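Examination of the molecular architecture
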Amino acid sequence: MANSGYSGYTPEEITRHFLALVMMKYHEALFLLGLIKAPGHELQSPKLEEAAEVIDQLEALKIKTQGNLSLEESRTLDGLLTELRLSYLKTAKDWEKKKEEPETEKKIEKPLETDPEKRRFFKSYG
């Protein structure tokens, strides 16, 4: 195989290293969003600003490498960016909602068994 001009790495090795870098940043963003945990640790609260920075870094990587990526690399990066953006929006919305709800106040309007709207979703086995 011909030398690609990158210190003797083959195109396959470069692709593997590129995708490993992208996956590392992807997992970092998921961790900062509080969606995955570090081994031996509990899930953390989302760190939205830090997660946004990692997503922005992947976006910058996409822009700077545009036209130089294989189809596989481009699709992987695009797919992960889409997933991270959607995860960010959902996490931010859920986190905002959680911060607004008082923890001690429980909203019970009607007992479950007397509310026909809620009761219709439960199957009776008796």
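Residues numbered from 1 in each chain as written. Predicted model: local features only at pLDDT ≥ 70, side-chain atom pairs only at ≥ 80, totals over all residues. Heavy atoms only, no water.

- Going by an unreviewed UniProt entry, the chain carries the name DUF1844 domain-containing protein and comes from Methylacidiphilum fumariolicum.

Here we look at the side chain of Lys25
- Following the sequence through the fold, Lys25 ends up in helix 1 (residues 11–32).
- The class of Lys25 is buried, set by a relative accessible area of 18%. (Helix = DSSP H or I, 4+ residues; strand = E, 2+ residues; numbered from the N terminus. Buried < 20%, exposed > 50% of the residue type's maximum accessible area, 1.4 Å probe, protein only.)

So, helix 1
- Relative to the 32 Å expected for 22 residues at 1.5 Å per residue, helix 1 spans 32 Å between its end C-alpha atoms, a close match to the ideal helical length.
- All of the buried residues along helix 1 are Thr15, Phe18, Leu19, Val22, Lys25, Tyr26, Ala29, Leu30 and Leu32. For helix 1, the angular spread of buried residues about the axis comes to 165°, placing them on one side. Facing away from the buried side of helix 1 by more than 90 degrees, the exposed set consists of Arg16 and Met24.
- For helix 1, the secondary structure elements touched by its buried residues are helix 2 (48–65) and helix 3 (71–100). (Expected span 1.5 Å × (residues − 1). Arc of directions from axis to C-beta. Contact = heavy atoms within 4.5 Å.)

Some words on the pattern of salt bridges
- Using the criterion set out here, one finds five salt bridges in the structure.
- Between Lys62 and Asp78 there is a salt bridge, with its nearest N and O atoms 3.0 Å apart. Placement of Lys62 in helix 2 and of Asp78 in helix 3 is noted, with a sequence separation of 16 residues between them.
- Since its relative accessible area comes to 27%, Lys62 is described here as partly exposed.
- With relative accessibility at 28%, the residue Asp78 sits in the partly exposed group.
- For Asp94, the salt bridge is made with Lys90, and the minimal N-O distance between the two is 2.7 Å. Here the residue Asp94 and the residue Lys90 both occupy positions in helix 3, the gap between them amounting to four residues, near one helical turn.
- Classification of Asp94 by relative accessible area gives partly exposed; the value is 36%. (Salt bridge = Lys/Arg side-chain N within 4 Å of Asp/Glu carboxyl O.)

Digging into the side chain of Thr91
- Looking at where Thr91 falls in the secondary structure, it is placed in helix 3.
- You can call Thr91 buried: its relative accessible area is 9%.
- Polar side-chain contacts of Thr91 include one of 2.8 Å to the backbone oxygen of Ser87.
- If we skip the residues at most four places from it in the chain, Thr91 touches Leu33, Leu35, Pro46 and Leu48. (Polar contact = N/O pair within 3.5 Å; in protein donor to acceptor, adjacent residues only side chain to side chain.)

A closer look at the layout of surface pockets
- For the second largest pocket, the calculated volume is near 170 Å³.
- Grouping the constituent residues of the lining of the second largest pocket by class yields four nonpolar, two polar and three charged. (1 Å grid on protein atoms, 1.4 Å probe; cavity = no way out; pocket = protein on both sides within 12 Å on 5 of 7 lines; lining within 4 Å. Points joined across faces, edges and corners; volume = space filled by probe spheres on them. Nonpolar A, V, L, I, M, F, W, Y, C, P; charged D, E, K, R; others polar.)

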